[in-house]
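# Residue-level structural notes
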Amino acid sequence: MFSLETLDLMLAIKESDLIDELILTLLATPQLMVFFEKFPRLKRALSKDLPAWRFRLQQRIHDTPVPQGLAKEFYLYQHCQQSNAGVFHNELESSVEQLEQLNSPFATEARSLMAHQAKIGNTSSNGSFHSLFMQRWRLNITFQTVTLHHQLLEQEQEQLQNELEQRLELSGELSPLLVENDAAAGRLWDMSKGKRQRGDYQSLIRYGMFLQQQPELQQLAEQLGRSQTAKANPHEEAKMEPYRLMVREPATVPEEVNGINHSDDILRLLPSELATLGIPELEVDFYRRLLEKRLMTYRLQGDIWREKVVMRPVVYQQQEPQPRGPFVVCVDTSGSMGGFNEQCSKAFCLALLRIALADHRRVHIMLFASEVIHYELTSASGLEQAMRFLGQHFRGGTDLAACLSATLDKLATPEWQDADAVIISDFIAQRLPDEIQQRVKQQQSQQRHRFHALAMSHYGKPGIMRIFDHIWRFDTGIKSRVQRRWKRP
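An account of the accompanying structure is given in this report. Everything numeric here is computed off the predicted structure, so don't read it as measured data. (Residues numbered from 1 in each chain as written. Predicted model: local features only at pLDDT ≥ 70, side-chain atom pairs only at ≥ 80, totals over all residues. Heavy atoms only, no water.)

Scanning the model with the defined rule gives twelve aromatic pairs in all. Between the aromatic rings of Phe106 and Trp137, the centroid separation amounts to 5.8 Å while the plane-to-plane angle is 10°, which identifies the pairing as stacked. Here Phe106 is found in the loop between helix H8 (92-101) and helix H9 (107-120), whereas its partner Trp137 is found in helix H10 (residues 128-178), with 31 residues between them in sequence. Each member of the pair, Phe106 as well as Trp137, is classed as buried. Among the aromatic residues, those joined into a cluster by ring pairs are Phe74, Tyr77, Phe88, Phe106, Phe129, Phe133 and Trp137. (Phe/Tyr/Trp six-rings, centres within 6.5 Å; stacked < 30°, edge-to-face > 60°. Helix = DSSP H or I, 4+ residues; strand = E, 2+ residues; numbered from the N terminus. Buried < 20%, exposed > 50% of the residue type's maximum accessible area, 1.4 Å probe, protein only.)

So this is what it looks like as structure tokens:
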């Protein structure tokens, strides 16, 4: 038994032409043409899969065995082709009977050719009939082989079309949410592999719509994700340096009228005060207020500039290397982070995923409560993991120390050594152990890791947040939410 690919080689059939024809037919369907006009980036991403599709179809042809009847017929064809005209004529009747036993489509035509040649006469020494017979037989076998190809490729086309429609539907739904450039479109297309029901990714769309309703949260994610020179917050033990600045202070040098005050300055009396001296009943009161320095007078004042020396923490800045590293995001799943805080945390992670796809970075999510749960949103199964992450509910306890410990362990691995750590919490928690604080400071100073804090409440403890390089604040209180809403156009 031999494969269909072997039969193609023997019959000189170009299977590549058949495969290319199938792919072009598939891509030229009206539904796909409309989709590609709407999402051109996904079309460019899909074009990168064409070589893999060709290889898949060629492998299917290579692995498909030739049907037993067609294989026996081809062996008989080879035997007759290698025989001379005399031997072929002697075995013609037997060959036609074997074709009929194999139910070959050529059996009827072969019997007709043999009967027609018998009317003409003996042609045992004439090779023209042998050539004609073999030529017609070869055409018939080629037709059977091509038909087999079409049946096989139609099955593959149907399967490929169903897979393609599912991936295009998923990518089309998520493209406005996650696709920012061609790189993001390509990574989203790669992550869309696998069978899913429509309801599976509705959570992604729902949180994407929520993110669009919170533009300040989206802007915050972009600032954090695209930040290259984020300034470090001064630490408690930071060195201080003198800083000179010019300050403006009021002076007693008369330069201009600057209001009215109480004094005993006779030269700057108001006209109403001078008028009381001409009234005998008020003269005594005038002198009393003069002694008490309570006469209404003009106030003259000037300004002077002087140099002032103040002490401030030393802050060093440096240009960070390109490209940016991955994200390790820790999300607080305590009970205080439920409700609106939970929605904002998940939407913020989705915004970071959009940035990571565009910049070809990785995003690793860790949920910390009583235990740490890991999700890597940019892996091959990233969409499934993102759906599971969005389906989690926040109702545990706050264990910030365990979260930072797990983060530090993650940053110690070679593939995450240039990552940025992002902690999302309201930071209403217990004081961090000294060991954790020392490990964070060591990572900051030796490995140049940056630790970001996304504070969801203004009640967070300053002592906890002091260890972070940068604090991004998004207050989820009612007052702040109302203020943000009124500021929007």
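Let's shift gears to a nonpolar patch on the surface. Together, Val257, Ile260 and Tyr298 make up a nonpolar patch on the protein surface, roughly 280 Å² of accessible area in all. Take Tyr298: it is sitting in strand S2 (residues 295-313). (Patch = residues over 30% accessible without salt bridge, like charges linked within 9 Å, V, L, I, M, F, W, Y side chains within 5 Å. Areas by Shrake-Rupley, 256 points an atom, 1.4 Å probe, with all protein chains shown as cover. Salt bridge = Lys/Arg side-chain N within 4 Å of Asp/Glu carboxyl O.)

At a minimum axis separation of 10 Å, H10 and helix H16 (residues 340-358) run at an interaxial angle of 95°. Classified by the interaxial angle, the pair formed by H10 and H16 is roughly perpendicular. In this structure, H10 contributes Pro176, Leu177 and Leu178 to the contact, and H16 contributes Leu350, Leu353, Arg354 and Leu357. Here the contact of H10 with H16 is composed, by residue class, of six nonpolar, no polar and one charged. (Axes fitted to C-alpha atoms, helices over the stretch in contact; angles between N-to-C directions. Parallel < 35°, antiparallel > 145°, perpendicular 65-115°, else oblique. Contact = heavy atoms within 4.5 Å. Nonpolar A, V, L, I, M, F, W, Y, C, P; charged D, E, K, R; others polar.)

Turning our eyes to something else, we now look at helix H17 (residues 382-391). Counting along an α-helix, one turn takes 3.6 residues, and residues three or four places apart therefore face a common direction. Counting buried positions over the ten residues of H17 gives seven, a clear majority of the element. Listing the buried residues of H17 in full gives Gly382, Leu383, Gln385, Ala386, Met387, Phe389 and Leu390. Packed against the buried residues of H17 are H10, helix H11 (182-191), helix H12 (202-212), H16, strand S4 (363-368) and strand S5 (372-376).

Once that is clear, we can look at the sheet that holds S4. With respect to topology, six strands assemble into an open sheet ordered S5-S4-S3-S6-S7-S8, the strand pairing being mixed. Strand pairing shows two members of the sheet lacking a second neighbour, S5 and strand S8 (470-473), which therefore form its edges. For this sheet, the mean angle separating the axes of adjacent strands, direction not counted, is 20°. Here six bridges tie strand S3 (residues 327-332) to S4, and the two strands are oriented parallel to one another. Residue pairing in the sheet places Cys330 in a bridge with Met366 of S4. (Pairing = 2+ DSSP bridges.)

It is worth spelling out the pattern of salt bridges at this point. Within this structure, the stated rule accounts for 16 salt bridges. The residue Asp265 makes a salt bridge to Arg268 at a minimum N-O spacing of 3.0 Å. Judged by relative accessible area, Arg268 falls into the partly exposed class, the value being 31%. Connected via shared salt-bridge partners are Glu273, Asp285, Arg288, Arg289, Glu292 and Arg294.

The end-to-end C-alpha distance of helix H5 (residues 50-63) is 20 Å, a good match for the 20 Å that 14 residues give at a rise of 1.5 Å each. Burial in H5 covers these residues: Leu50, Trp53, Leu57 and Ile61. Take H5 and look down its axis: the buried residues cluster within an arc of 75°, on one side only. Exposed residues on H5 whose side chains face more than 90 degrees from its buried face are Pro51 and Phe55. (Expected span 1.5 Å × (residues − 1). Arc of directions from axis to C-beta.)

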